[in-house]
Amino acid sequence: MSIKGVGIDIIEVERIARAYGRNKKFLSRVFTQNEINYCMNKKNKFQHLSARFAAKEAFFKALGKRIRWRDIEIINQPSGKPEIRIHDPTISFSKIHVSISHLEKYAIAIVIIE
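Fair warning: this is a prediction, and the values are worked out from it, not measured in the lab. Throughout this description, residue numbers start from 1 for each chain and increase along the sequence as written. Under the rules for a predicted model, residues below a pLDDT of 70 receive no local features and side-chain atom pairs below 80 are neither given nor counted, while totals for whole chains, interfaces and linings still include all residues. To get the side-chain values, all heavy atoms of the structure are used, and hydrogens and water are removed first.

1. Let's talk about the nonpolar core
Here comes step 1: The set of buried Ala, Val, Leu, Ile, Met, Phe, Trp, Tyr and Cys residues whose side-chain atoms join them within 4.5 Å is what this entry labels a nonpolar core. Burial classes follow relative accessibility: with a 1.4 Å probe on protein chains only, a residue under 20% of its type's maximum area counts as buried, one over 50% as exposed, and anything between as partly exposed. Counting residues in hydrophobic clusters, the biggest one holds 33 residues, and the most contacted among them are Phe26, Phe31, Phe59, Ile84 and Val111.
Here comes step 2: Put simply, the parts of the chain that give this core at least two residues each are helix 1 (13-22), helix 2 (26-30), helix 3 (33-40), helix 4 (45-63), strand 2 (72-76), strand 4 (96-102) and strand 5 (106-113).
Here comes step 3: Under the DSSP-based scheme used, a helix requires at least four consecutive residues in state H or I and a strand at least two consecutive residues in state E, with every element numbered from the N terminus. With eleven residues, the top contributor of residues to this core is helix 4.
Here comes step 4: Residues are treated as being in contact if the distance between any of their heavy atoms lies within 4.5 Å. Those residues in contact with phenylalanine 31 that sit more than four places away from it in its chain are Phe26, Ile36, Leu49, Arg52, Phe53, Lys56 and Arg70.

Dropping the structure here:
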């Protein structure tokens, strides 16, 4: 195993709720339709959106550069474990590890790229 990058991010859930309140298009600029559908069907939708936002930021930090927000997607395996799917064909890695967590006020994520 050779680690290519590590990233971590934490965000206040209220920041994502405010961004959505100011501009409804915020979601479609940052999240894929699958991510939006998954999160908006949850009781605490902004906690789930914030966790995905943090995971994307953590991925950018691990990658060492930004790509388009919607070129990465946070999905859940049937077990519930999160996974990062990359939609940019110029970027590939042998393995990407992601862990996300959220509370009422904060969401956090860590990404390790091999």
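2. Some details on the environment of lysine 24
Here comes step 1: Locating lysine 24 in the fold gives a position in the loop between helix 1 and helix 2.
Here comes step 2: Separated by 70 residues in the primary sequence, lysine 24 and serine 94 have C-alpha atoms spaced 36 Å apart.

3. Let's talk about the packing of helix 3 against helix 4
Here comes step 1: Between helix 3 and helix 4, the least distance of the axes is 8 Å, while the angle of their chain directions is 145 degrees. Here Glu35, Tyr38, Cys39 and Met40 of helix 3 lie close against helix 4, whose contacting residues are Lys45, His48, Leu49, Arg52 and Lys56.
Here comes step 2: A breakdown of the residues in the contact of helix 3 with helix 4 according to their chemical character gives four nonpolar, one polar and four charged. Fitted lines through C-alpha atoms serve as axes, helices being fitted only where they are in contact, and the angles separating the N-to-C directions of these axes extend from 0 to 180 degrees. Under this grouping Gly is polar, as are all residues other than the nonpolar Ala, Val, Leu, Ile, Met, Phe, Trp, Tyr, Cys and Pro and the charged Asp, Glu, Lys and Arg.

4. Regarding the sheet that holds strand 1 (residues 5-12)
Here comes step 1: Strands sit in the order 1-5-4 across an open sheet of three strands; the sheet is antiparallel. In this open sheet, the two edge strands, each paired with only one partner strand, are strand 1 and strand 4. For this sheet, the mean inter-axis angle between neighbouring strands, taken without regard to orientation, is 10 degrees.
Here comes step 2: Whether two strands pair comes down to DSSP finding at least two bridges between them. When strand 1 meets strand 5, the two strands line up antiparallel, connected through eight bridges. Bridge pairing links valine 6 to isoleucine 112 in strand 5.
Here comes step 3: In the packing of helix 1 onto the sheet, contacts are made with strand 1 and strand 5, and the angle to strand 1 comes to roughly 70 degrees.

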